[in-house]
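Observations on the three-dimensional arrangement
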There are 2 protein chains.
Amino acid sequence: MDIKRTIDDIDFQILNILQKKARIPNAEVARQVGMAPSAVLERIRKLEERGIIEGYEVRLNPEPFGQGLAAFVQVEIDPATANGDLETRLAELPGVQELHQVAGGDGYLLKIRAANARQLGQVLRDRLLTIPGVRSSRTQIVLNTVKETRRIDLG
Amino acid sequence: MDIKRTIDDIDFQILNILQKKARIPNAEVARQVGMAPSAVLERIRKLEERGIIEGYEVRLNPEPFGQGLAAFVQVEIDPATANGDLETRLAELPGVQELHQVAGGDGYLLKIRAANARQLGQVLRDRLLTIPGVRSSRTQIVLNTVKETRRIDLG
DNA sequence: GCTGAAATCCAAGTGCG
DNA sequence: CGCACTTGGATTTCAGC
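Model, not experiment: these values are computed from the prediction.

Reading the values: rules and limits
Each chain has its residues counted from 1, following the order in which its sequence is written. Chain letters and ligand numbers both follow the written order, the letters beginning at A and the numbers at 1. Thresholds applied to this predicted model are a pLDDT of at least 70 for local features of residues and 80 or more for the giving and counting of side-chain atom pairs; totals over whole chains, interfaces and linings are not thresholded and use all residues. The basis for every side-chain value is the complete set of non-hydrogen atoms in the structure, without hydrogens or water. Residues are labelled near a given molecule or strand when at least one of their non-hydrogen atoms is within 4 Å of it. Whenever a nitrogen or oxygen atom comes within 3.5 Å of another N or O atom, the pair is scored as a polar contact, on the condition that within protein one atom can donate a hydrogen and the other can accept it, and that pairs from neighbouring residues in sequence are kept only if both atoms are in side chains. Secondary structure elements follow DSSP: runs of H or I no shorter than four residues count as helices, runs of E no shorter than two count as strands, and numbering proceeds from the N terminus. Side-chain classes follow a simple rule in which Ala, Val, Leu, Ile, Met, Phe, Trp, Tyr, Cys and Pro form the nonpolar group, Asp, Glu, Lys and Arg form the charged group, and the remainder, Gly included, forms the polar group. Contacts were defined at the residue level, with two residues in contact if any of their heavy atoms lie within 4.5 Å. A quick way to say it: buried area is the sum, across both parts, of accessible area lost when two parts are put together, with a 1.4 Å probe. Any carboxyl oxygen of Asp or Glu within 4 Å of a side-chain nitrogen of Lys or Arg constitutes a salt bridge here. A residue counts toward the fit only if its pLDDT is at least 70 in both copies, and the copies are then superposed by least squares on the C-alpha atoms of those residues. UniProt positions are given in the numbering used here, feature names are shortened, and annotations may be inferred rather than shown by experiment. Helix axes are fitted only over the stretch in contact, all axes being lines through C-alpha atoms; the angle between N-to-C directions runs from 0 to 180 degrees. Roughly parallel means an angle under 35 degrees; roughly antiparallel, over 145; roughly perpendicular, 65 to 115; everything else is oblique. We call a crossing left-handed when the near helix sits turned anticlockwise from the far one by less than a right angle, and right-handed when that turn is clockwise. Only protein chains enter the accessibility calculation, which uses a 1.4 Å probe; a residue whose area is less than 20% of its type maximum is buried, one above 50% is exposed, and one in between is partly exposed. Two strands qualify as a pair provided that DSSP identifies no fewer than 2 bridges between them.

**Examining the protein's contact with DNA strand D**
Around DNA strand D, the neighbouring residues are M35, A36, S38, A39 and R43 of chain A together with P25, N26, A27, R31, S38, L41 and R45 of chain B. Sugar and phosphate atoms represent 85% of those atoms of DNA strand D found within 4 Å of the protein. Measuring from a base nitrogen of DNA strand D, one finds a side-chain N or O atom of S38 of chain A at 3.2 Å. Contact between DNA strand D and R43 of chain A: a phosphate oxygen at 2.3 Å from a side-chain N or O atom of the residue. At the level of secondary structure, the elements contributing two or more residues to the surface near DNA strand D comprise α4 (37–49) of chain A together with α3 (26–33) and α4 (37–49) of chain B. Residue classes in the surface near DNA strand D are distributed as six nonpolar, three polar and three charged.

Below is the structure:
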């Protein structure tokens, strides 16, 4: 891995600190890695420039915003009737958090959130299945989320 | 929604700003919502206390860390041989980012990352299928990720 | 719950090693 | 690359309304 060779131990420490809690002062990061704040700032800036750090997000509890229900939807595509807008239209459906093209069939996997099953059903019937090129869908409702992180094991 | 009634317009504005870029100065948030920094600070603290803000994360590019391949794995469980450690053992498999219990059968849906297909296969064979209570698995490899966000539509 | 002021602390650039 | 220094700005607390 070309990029990885240039990520050293201190970078890993910095990234681990930011993975735990991203919204802390740069000076605090510097203290934890035992370096001057300006050095740490420079490292973070370079990690951002190199595309290793893609951004910083707040993690919100979906419940209070009427997004307490999660589901995964297998979307089967009919290549004959699909057009170039298909991916965009899928991605823009209300509540869609992830959209992946998956191997094995002409299909997409969608992660979507809604307030409840009724509302999810509405989106699937009225919005998803009316998109040209969508042949069928198969939905798996999430009963319980055991783990849900974006964190990557560094090291 | 009980909690939601107490989230007002300014809270929504603050959350939207933080959803775009969480690691910005509090004073900058205050400017954008037209309030004193101290007032914004107090609002953010309360949103954290109430569990509406769950935390702040850095979003890392998985590629340079040998996690460029993503996959979704349907795990079928045999309730007769499963024990209480099952969920923990699934969640602790290397590369697992999400673990959901799903409706329709005794199954879990796993989102997992690895460097490549060979390494993923290794984890599934040597680690997943050797967990007591795991009956079978069905893996969908991600060819292309169109959208991948944790963002919630506020409004 | 907000503002404004005060004290402390931080950000971000520069020059030096 | 990292550090020390510096200035302009940010954080955080608190009184007062």
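There's plenty left to go through after this.
**Here we look at the interface of chain B and chain A**
Contacts between the two partners involve 62 residues from chain B, matched on the other side by 63 residues from chain A. Roughly 6600 Å² of surface becomes buried between chain B and chain A when both sides are summed, with 54% attributable to carbon and sulfur atoms. Here E98 of chain A makes a salt bridge to K111 of chain B, at a shortest N to O gap of 2.8 Å. Applying the counting rule to chain B against chain A returns 43 residue pairs in polar contact (both at pLDDT 80 or more). For the side of chain B that touches chain A, the secondary structure elements donating two or more residues are α1 (2–5), α2 (9–20), β1 (53–60), β2 (69–77), α5 (86–91), β3 (96–102), β4 (107–114) and β5 (134–148) of chain B. Broken down by class, the residue content of the side of chain B that touches chain A amounts to 31 nonpolar, 15 polar and 16 charged.

**Observations regarding the relation of the copies chain B and chain A**
Screw-axis analysis of chain B against chain A gives a translation of 0.0 Å along the axis, an RMSD of 0.2 Å, and a rotation angle of 180°. Each copy turns onto its partner about a two-fold axis. The overlap is high: 100% of the interface residues of chain B also sit at the interface in chain A, so the same surface is used on both sides.

**Comments concerning the UniProt feature "domain: HTH asnC-type" (unreviewed entry) in chain A**
Under the feature "domain: HTH asnC-type" (unreviewed entry), the UniProt entry names residues 7–68 of chain A. As annotated, residues 7–68 of chain A has a helix share of 53% and a strand share of 13%, and its two end C-alpha atoms lie 38 Å apart.

**Here's the deal with the packing of α2 of chain B against α3 of chain B**
When two helices pack together, their arrangement is given by the angle between the helix axes and by the axis-to-axis distance. Residues and elements named next belong to chain B. Contact pair α2 / α3: the axes reach a minimum separation of 10 Å and the direction vectors enclose 130°. Here α3 runs oblique to α2, going by the angle between their axes. Considering the relative orientation of α2 and α3, their crossing is right-handed. Within the contact between the two elements, α2 uses Q13, I14, I17 and L18 and α3 uses V29, Q32 and V33.

**Side note on the pairing of strand β3 (residues 96–102) of chain A**
With six of seven residues buried, β3 of chain A lies mostly within the body of the structure. Note: β3 of chain A against strand β4 (residues 107–114) of chain A, six bridges, orientation antiparallel. When the bridges of β4 of chain A are listed, V102 of chain A appears paired with G107 of chain A. Two successive antiparallel strands, β3 of chain A and β4 of chain A, enclose a turn made up of four residues, where G104 of chain A displays a positive phi of approximately 90°. Summarising the sheet, β3 of chain A and β5 of chain B pair through five bridges and their orientation is antiparallel. Bridging across to β5 of chain B, L99 of chain A finds its partner in K147 of chain B.

**Remarks on the packing of helix α2 (residues 9–20) of chain A against α4 of chain A**
Residues and elements named next belong to chain A. Relative orientation of the contacting elements α2 and α4 amounts to 80°, with a least axis distance of 11 Å. Classified by the angle between their axes, α2 and α4 sit roughly perpendicular to one another. Together, I10, D11, I14, L15 and L18 of α2 and V40, R43, I44 and L47 of α4 make up the contact between the two elements. Per-class residue counts for the contact of α2 with α4 are seven nonpolar, no polar and two charged.

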